[in-house]
Amino acid sequence: MTDKKLYDVCIIGAGYSGLVLAIKLARAGLLVCLTDLNRIIGRRILSTGNGRCNFLNSRMGNEYYYSNSKVDFIKDNHQDILQFIKGLGVVERELDGYYYPITNQAKTIREAFENEIEALSVDVFLDNRVTDVSKDEVFTVSTNRQQINAKAVVVSSGGLSAATLGSSKIGYKIAQKFGLKLTKLAPSLVGATSKDICLKELAGVRALGKVFYKDNSCEGEIQFNKDGVSGYPVMCISRFIGFDELSKSVGNLTIDFTSYISEDDLKAEIKKRFENHPKQTILKALVGLCNEKVIEVVVSYSKIYGDTIVEKLDEEDIENIIYNLKHFSISLTGTKGFDSSQVTAGGVDLSDIDMTSMEAKLCPGLYFTGEVLDIDGICGGYNLSWAYTSADIAARHIINNH
Ligand SMILES: Cc1cc2nc3c(=O)[nH]c(=O)nc-3n(C[C@H](O)[C@H](O)[C@H](O)COP(=O)(O)OP(=O)(O)OC[C@H]3O[C@@H](n4cnc5c(N)ncnc54)[C@H](O)[C@@H]3O)c2cc1C
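All figures in this text were calculated on a predicted structure; none of them were measured in a lab. (Residues numbered from 1 in each chain as written. Predicted model: local features only at pLDDT ≥ 70, side-chain atom pairs only at ≥ 80, totals over all residues. Heavy atoms only, no water.)

Description of the sheet that holds strand 14 (residues 216-225)
On the basis of which strands lie adjacent, the open sheet formed by seven strands has the order 17-16-13-14-15-12-18 and antiparallel pairing. The open sheet has two edge strands with one neighbour each: strand 17 (328-331) and strand 18 (334-335). Relative to strand 18, strand 12 (residues 192-193) runs antiparallel, the two sharing two bridges. Residue pairing for strand 18: Thr193 is matched across the bridge by Gly334. Contacts from helix 6 (residues 232-246) reach strand 12, strand 13 (206-213), strand 14, strand 15 (228-230), strand 16 (252-256) and strand 18 within the one sheet, and its direction differs from that of strand 14 by about 100 degrees. Across the sheet, helix 10 (residues 315-326) is in contact with strand 16 and strand 17; its angle to strand 16 comes to roughly 115 degrees. (Pairing = 2+ DSSP bridges. Helix = DSSP H or I, 4+ residues; strand = E, 2+ residues; numbered from the N terminus. Contact = heavy atoms within 4.5 Å. Axes fitted to C-alpha atoms, helices over the stretch in contact; angles between N-to-C directions.)

Laid out in structure tokens, this is it:
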């Protein structure tokens, strides 16, 4: 079947970015269509934020994003994003700067998009896997079911993460076909894998701390599993582990379980406890400094029995305990991979994109938005915000040039 219409814009991918773009273009009166390999639009949105969709953060700016290129152009536009989402009929809920729908259900956001897409009569071709794009006088987008003609094409096909939610390499293939470069790809916002012996004892523990991986660090709740480490701080630095996995140079993760206190103050605190209760066991003396199970492991790693009376410990024992509390090292093997990751780091090289329009420098009329580009954000609503921001930039340019 061939659709005879000539669309102003054909958007590849009815994910968050493609949907924002379709709505903005259709509201401006352009003839737009969306294609997606899934059978519903916005399939991935349902899984975001643990099913709650953390669509925004009040702390916004380029410092929350990574790329091989400069991303200074990312400004604080959180009010703009909020107005757009409210305009779809979503009532928001803000928790310490993190925004969710008041329903606490990601499906509210997906359905709000769907309602607006329907109200604007945007043509949506579901179960249409795009296989190729070619350009003659106009663009032809080939899917497994049809060919679609359009004056402009926007590639909003996302990255390689969470394949079961719908992902493909098509965005990267189209970029390469039209002469754009790709940067290396790595899974990000993903757990790290490890065979470290300490996990036998720490599996199941959730403990606060600051993780360090080479030059990167992040603070929050760390989760230990039998085959690795995850939780917010590990997820936030996981992109670096992911890239090191490519070059087989994965290092160790170091954890400061007492990041709220300096090394000197921790030493003073421990000495004070020892002086006040010299007959206490070491495990009792350290209670409350961090997670109980972590203390057990730290004491054992310091080569001290848990029932040792503190008056029997010497200066070196105290130094060892402090070292292990502040520099607990776990050897890593890599990450849990793209399928377990929330976002793909790397992508279409920004140096080949005009970042004021999202248009490919080498191919007028071909645009890229969202995760397919070489920009990834940390946890906290930053990736959906980038999907929005890039769609907004493309929409403004396409509308102005229509
Ligand atoms: C489990 C999970 C939780 C997350 N939670 C959050 C969160 O709370 N906050 C946050 O900011 N970010 C979160 N993210 C990241 C966020 O979902 C993505 O960064 C964002 O959806 C990217 O938007 P996009 O439109 O670029 O790509 P996508 O949303 O992935 O959309 C791309 C679309 O293209 C379609 N597609 C792909 N290939 C083809 C093809 N060949 N033909 C046709 N269609 C195709 C896909 O089916 C998909 O619908 C999470 C991700 C995951 C996996």
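Let's pick the thread back up.
Description of the sheet that holds strand 6 (residues 98-101)
Where strands meet in a sheet, backbone hydrogen bonds hold them as pairs that are either parallel or antiparallel. Strands sit in the order 3-6-5 across an open sheet of three strands; the sheet is antiparallel. The open sheet terminates on both sides in strands that have one partner only, identified here as strand 3 (56-57) and strand 5 (92-95). Examined bridge by bridge, strand 5 and strand 6 share four bridges and lie antiparallel to one another. Bridge pairing in strand 6 places Glu92 opposite Pro101.

With respect to the site of the ligand
Around the ligand sit 34 residues in total, of which Asp36, Val130, Ser168, Glu371 and Leu384 are the nearest. Arg44 places a side-chain nitrogen or oxygen 2.9 Å from an oxygen atom of the ligand. Coverage of the ligand by the protein chains reaches 95% of its 990 Å² of free accessible surface. Looking at the shell around the ligand, the elements with two or more residues in it are helix 1 (16-27) and helix 11 (382-400). Considering each element in turn, the shell around the ligand owes the most residues, four residues, to helix 11. (Near = heavy atom within 4 Å. Polar contact = N/O pair within 3.5 Å; in protein donor to acceptor, adjacent residues only side chain to side chain. Areas by Shrake-Rupley, 256 points an atom, 1.4 Å probe, with all protein chains shown as cover.)

Remarks on the domain arrangement of the protein
Domain parsing of the protein yields domain 1 (2-185 + 346-400) and domain 2 (191-336). The straight-line distance from the C-alpha centre of domain 1 to that of domain 2 is 40 Å. Listed by partner, the interface residues are nine residues for domain 1 and seven residues for domain 2. Interface area for domain 1 against domain 2, summed over the two sides, is near 670 Å², with a carbon-plus-sulfur share of 67%. The three residues of domain 1 that bury the most area against domain 2 are Tyr66, Lys184 and Cys379, which together make up 58% of that side's buried surface. Applying the counting rule to domain 1 against domain 2 returns one salt bridge. Between domain 1 and domain 2 we count one residue pair in polar contact (both at pLDDT 80 or more) in total. Tallied by class, residues from the side of domain 1 that touches domain 2 come to five nonpolar, two polar and two charged. (Domains from an automatic or database assignment. Buried area = accessible area lost by both parts, 1.4 Å probe. Salt bridge = Lys/Arg side-chain N within 4 Å of Asp/Glu carboxyl O. Nonpolar A, V, L, I, M, F, W, Y, C, P; charged D, E, K, R; others polar.)

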